Amino acid sequence: MQALFDPQALKRFVPFQGLDDHHLLLLASQVNYQKVPAGYCLFEAGDIDSNEFFLLSGEVELMTSDGSRRRLTADSEQAARQLSRLRPRQYTVSTTAQSELLIIDADMIEELQEEMRQSNVVEETYFVDEVNSIEEAEGRELLKDFKVALRNNSFVLPSLPEVAMKVRRLLDDESASAGQIANVVNADPAIAAKLIRAANSPVYHGSKACDTTQGAIVRLGLDTTRQLVISFALKDLFKPRSSLLKKTMLKTWQTSVEVAAISLVIARRSMGLGYPPEELMLAGLLHNVGVIAVLSYIDSHQTQVDDEHKVQVMVDQLKAEAGELMLKHWRFPEDFIVTAKEATHWQREHVGKADICDVVQVAQLHNMMRHKRPLPVAQIDQLPAFIKLPLGELTPQLTIKILDESREQIAEAQHLLNQ
């Protein structure tokens, strides 16, 4: 039993894989190990507590507020992370077999990870490596300054717009009604109007026109409402002063919209992905969210940038890590964070079935092909993400044909997000 508390044994869990031996030892000293019988409730949907639960052995059942259930065993890919990370809790989780668990205070995990991030910043300050261009050197310098500014609170990451935050919180409450959600959405007339237009669009059109926010929410459903409100709120999140930064932001937004639209089409065409299509559309929209943080930092610190290529080099070097920080700041699920961080890691490998990042990667490649841009891989069917995607016995040529046939759906999704 002592092996369970071996600091190295903690590395089986993804949140601890970046910790060094010293921090693993500190964490191991604070672990609370529990062995519980079947039928034991760990926590309920809506709970707000400070513990993180990690499944060592056995099996648990996750039940959503609408009564849907799924089971998770200790050897599954999902068990490599904590159970139901978001607060309030999104699931009621109970054991379905005798199980072993590690319970660790969430604040301690955050403190250890932050300490590691800060020590990495210090190391990078004195790290010298060969660079291939002046722009790359400037990008690295900006990355170092960006991290130091975050650590010293001299730069604050942009916040998700208030209406989106309120809708997210309200939709986590199983007792919330469509009328209550409509009242929150109506506080932002622009988003309310976009939601009604979405409900009446060809993508979601019902038998008759919908003319109220509450009616739109009922037609769309709560999950779709959540994704669309966040998507609509993102467009106006950042308005830089510089015309050059505005141009970069607009270009990034248009690319993100196109990738989001193709992600939606792929989700609807794929078999057994296990993700709602609108969730994958939102992931496509957010895969470049780090650009918002980078441009906001450049704008707020009045960094002298007068060359479009130089801005793009800086954005390319910073956006993955900045996107990871942004989505953590906004308390998004881990799948979204991984996608922002690894969307352009074309040879990424992971255990298990296709995930959100795989869909977004394939969507990005198809978008490059639509615009006749060079691909980062020789052949799309050699991409690990493409191989994992449950599209049946489809060749790359046939997937292109599907997207060509789905051009109208892509145009509709683009229109929806560009309102």
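Calculation criteria
- Residues numbered from 1 in each chain as written.
- Predicted model: local features only at pLDDT ≥ 70, side-chain atom pairs only at ≥ 80, totals over all residues.
- Heavy atoms only, no water.
- 1 Å grid on protein atoms, 1.4 Å probe; cavity = no way out; pocket = protein on both sides within 12 Å on 5 of 7 lines; lining within 4 Å.
- Points joined across faces, edges and corners; volume = space filled by probe spheres on them.
- Helix = DSSP H or I, 4+ residues; strand = E, 2+ residues; numbered from the N terminus.
- Nonpolar A, V, L, I, M, F, W, Y, C, P; charged D, E, K, R; others polar.
- Buried < 20%, exposed > 50% of the residue type's maximum accessible area, 1.4 Å probe, protein only.
- Salt bridge = Lys/Arg side-chain N within 4 Å of Asp/Glu carboxyl O.

### Quick look at the layout of surface pockets
Then step 1. Size it by volume and the second largest pocket reaches roughly 500 Å³.
Then step 2. Lining of the second largest pocket is provided by 19 residues; of these, Thr255, Asn288, Asp316, Lys319 and Met368 occupy positions nearest its centre.
Then step 3. Listing elements by their share of the lining of the second largest pocket, those giving two or more residues are α9 (243-269), α12 (308-329) and α14 (356-370).
Then step 4. A class-by-class count of the residues in the lining of the second largest pocket yields seven nonpolar, eight polar and four charged.

### A word on unusual backbone geometry
Then step 1. Positive phi values are uncommon outside glycine, yet Arg331 reaches one of about 60°.
Then step 2. Within the secondary structure, Arg331 is located in the loop between α12 and α13 (334-342).
Then step 3. Residue Lys372 is not a glycine yet carries a positive backbone phi of 55°.
Then step 4. For Lys372, the position within the fold is in the loop between α14 and α15 (384-388).
Then step 5. Given the relative accessible area of 75%, Lys372 is considered exposed.

### Topic: the environment of Ile380
Then step 1. Within the secondary structure layout, Ile380 lies in the loop between α14 and α15.
Then step 2. On the basis of relative accessible area, Ile380 is assigned to the buried category, the value being 6%.

### What to know about the pattern of salt bridges
Then step 1. Across all of its chains, the model carries eleven salt bridges by this definition.
Then step 2. Between Glu59 and Arg71 there is a salt bridge, with the nearest N and O atoms lying 3.2 Å from each other. Highlighted residues: Glu59 in strand β4 (residues 59-63) and Arg71 in strand β5 (residues 69-73), separated in sequence by twelve residues.
Then step 3. Take Arg71: its relative accessible area is 52%, and that puts it in the exposed class.
Then step 4. Measuring nitrogen to oxygen at the nearest pair gives 2.7 Å for the salt bridge that ties Arg69 to Glu61.
Then step 5. One network of salt bridges, with partners in common, ties together Glu59, Glu61, Arg69 and Arg71.

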